[in-house]
Amino acid sequence: MNRTDLIACHECDALLRKPLLSAKSSARCPRCGATLFRSSSIHLERICAVTLGALITFLIAQAFPIVELEINGITSQTTLIGALVALWNQDMEIVAAFVFCSTILFPLTELLALLYVLVPVRAGLVPPGFNRVLRAIQFVRPWGMIEVFMLGILITVVKMVSLARVIPEAALFAFGALTLMFAVVVMFDPRTLWDIADGLPHRKARSAPGLG
Ligand SMILES: [Zn+2]
């Protein structure tokens, strides 16, 4: 028997075979009646909704101007991308690239990758490249967490090289909301998806040819 198929009761230490759960049910210890674990489908619904919400908030944060720049006497409002381009043109390529990765590329990768695995798994399917996508999420995750810090660095540097001020409008509030949503998203351990995928009927798992 596979060792991962076993579960120990936290109340009476009985070693049991881990049962496969249908949606919205929970497993109980047959000896003492304690709840062993609950089906993660409810949890999955919630994390799916938060991830989708975070993606929409992310797009709002990128679409609206966040800083007002004054370069060569011309004042213009610009989005995060615009501020990064301005930074790049001021010969600060490394800072621009670093901020781009941590505030745009990696958070966007994590959100899209999570949705790519969450939506099919919720429907009982294992998407192609499932394992690779989960590994990618674990790789980009630490970078997404320093987003706020990098945003602070960006604003400081932009202020240093030009007359700039932060616009307290839609984009800034969206970034604030995104930070909270990301805190919820990163609490979700993608490894639980492996457990859920293992529990899916073999027939459905085989229908995804690129599994790996
Ligand atoms: Zn027990």
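All values derive from a computational prediction rather than experimental measurement. (Residues numbered from 1 in each chain as written. Predicted model: local features only at pLDDT ≥ 70, side-chain atom pairs only at ≥ 80, totals over all residues. Heavy atoms only, no water.)

1. Side note on the overall build of the protein chain
Secondary structure summary: the protein chain contains eight helices and seven strands in total. Out of the 212 residues in the protein chain, the part that is buried amounts to 39%. Within the protein chain, contacts between residues separated by at least 24 positions form 62% of all contacts whose residues are at least 6 apart in sequence. Just so you have it, the protein chain exposes about 12,000 Å², and 63% of that area is on carbon and sulfur atoms. (Helix = DSSP H or I, 4+ residues; strand = E, 2+ residues; numbered from the N terminus. Buried < 20%, exposed > 50% of the residue type's maximum accessible area, 1.4 Å probe, protein only. Contact = heavy atoms within 4.5 Å. Areas by Shrake-Rupley, 256 points an atom, 1.4 Å probe, with all protein chains shown as cover.)

2. A short note on the pattern of salt bridges
Per the counting criterion, the structure on display carries three salt bridges. Across the pair Glu45 and Arg122 runs a salt bridge, and its minimum N-O distance is 2.6 Å. Of this pair, Glu45 sits in helix α1 (residues 41–63) while Arg122 sits in helix α3 (residues 93–122), placing them 77 residues apart in sequence. Accessibility expressed as a relative area gives 39% for Glu45, which makes it partly exposed. (Salt bridge = Lys/Arg side-chain N within 4 Å of Asp/Glu carboxyl O.)

3. As for the pairing of strand β6 (residues 74–78)
In this structure, strand β5 (residues 67–71) lies alongside β6, joined through five bridges in antiparallel fashion. Bridging across to β6, Ile71 finds its partner in Ile74. The antiparallel pairing of β5 with β6 creates a hairpin that spans two residues between the two strands, and Asn72 there sits at a positive phi of about 55°. (Pairing = 2+ DSSP bridges.)

4. A closer look at the UniProt feature "transmembrane region" (unreviewed entry) in the protein chain
UniProt annotation of "transmembrane region" (unreviewed entry) refers to residues 47–65, 95–119, 139–158 and 170–188 when read in the numbering used here. The span residues 95–119 shows a helical share of 100% and a strand share of 0%, and its end C-alpha atoms are spaced 35 Å apart. End-to-end, the C-alpha atoms of residues 170–188 are 27 Å apart, and along that stretch the chain is 95% helix and 0% strand. (UniProt positions renumbered as here; feature names shortened; annotations may be inferred.)

5. Thoughts on helix α7 (residues 191–199)
Among the residues of α7, those classed as buried are Leu193, Ile196 and Ala197. Along the long axis of α7, the arc covered by the buried residues comes to 100°, so they all point the same way. Structural note: α7 exposes Arg191 and Asp198 on the side pointing more than 90 degrees away from its buried face. (Arc of directions from axis to C-beta.)

6. With respect to the packing of helix α2 (residues 80–89) against α3
Two numbers describe how α2 lies on α3: the axes approach to 8 Å, and their chain directions differ by 160°. When the axis of α2 is compared with that of α3, the two are roughly antiparallel. Crossing handedness for the pair α2 and α3: left-handed. Residue-level inspection shows Leu80, Ile81, Leu84, Leu87 and Trp88 of α2 in contact with α3, the latter providing Glu93, Val95, Ala96, Val99, Phe100, Thr103 and Ile104. For the contact of α2 with α3, the residue count by class is ten nonpolar, one polar and one charged. (Axes fitted to C-alpha atoms, helices over the stretch in contact; angles between N-to-C directions. Parallel < 35°, antiparallel > 145°, perpendicular 65-115°, else oblique. Left-handed = near helix turned anticlockwise from the far one by under 90°. Nonpolar A, V, L, I, M, F, W, Y, C, P; charged D, E, K, R; others polar.)

7. Re a nonpolar patch on the surface
Where nonpolar side chains cluster on the molecular surface, the patch consists of Leu52, Ile56, Ile60 and Phe64 and spans about 350 Å² of accessible area. The residue Leu52 is located in helix α1 in this model. (Patch = residues over 30% accessible without salt bridge, like charges linked within 9 Å, V, L, I, M, F, W, Y side chains within 5 Å.)

8. Some points on the coordination of the zinc ion
Taken together, Cys9 (SG), Cys12 (SG), Cys29 (SG) and Cys32 (SG) make up the protein donors of the zinc ion, found 2.3 Å from the metal. Around the zinc ion sit four donor atoms, and with donor-metal-donor angles ranging over 106 to 114° the site reads as tetrahedral. Given a relative accessible area of 39%, Cys32 falls into the partly exposed group. (Donors = N, O, S within 2.8 Å, 3.2 Å for Na, K, Ca; no water. Tetrahedral: all angles 85-135°; square planar, octahedral: opposite > 155°, others 65-115°.)

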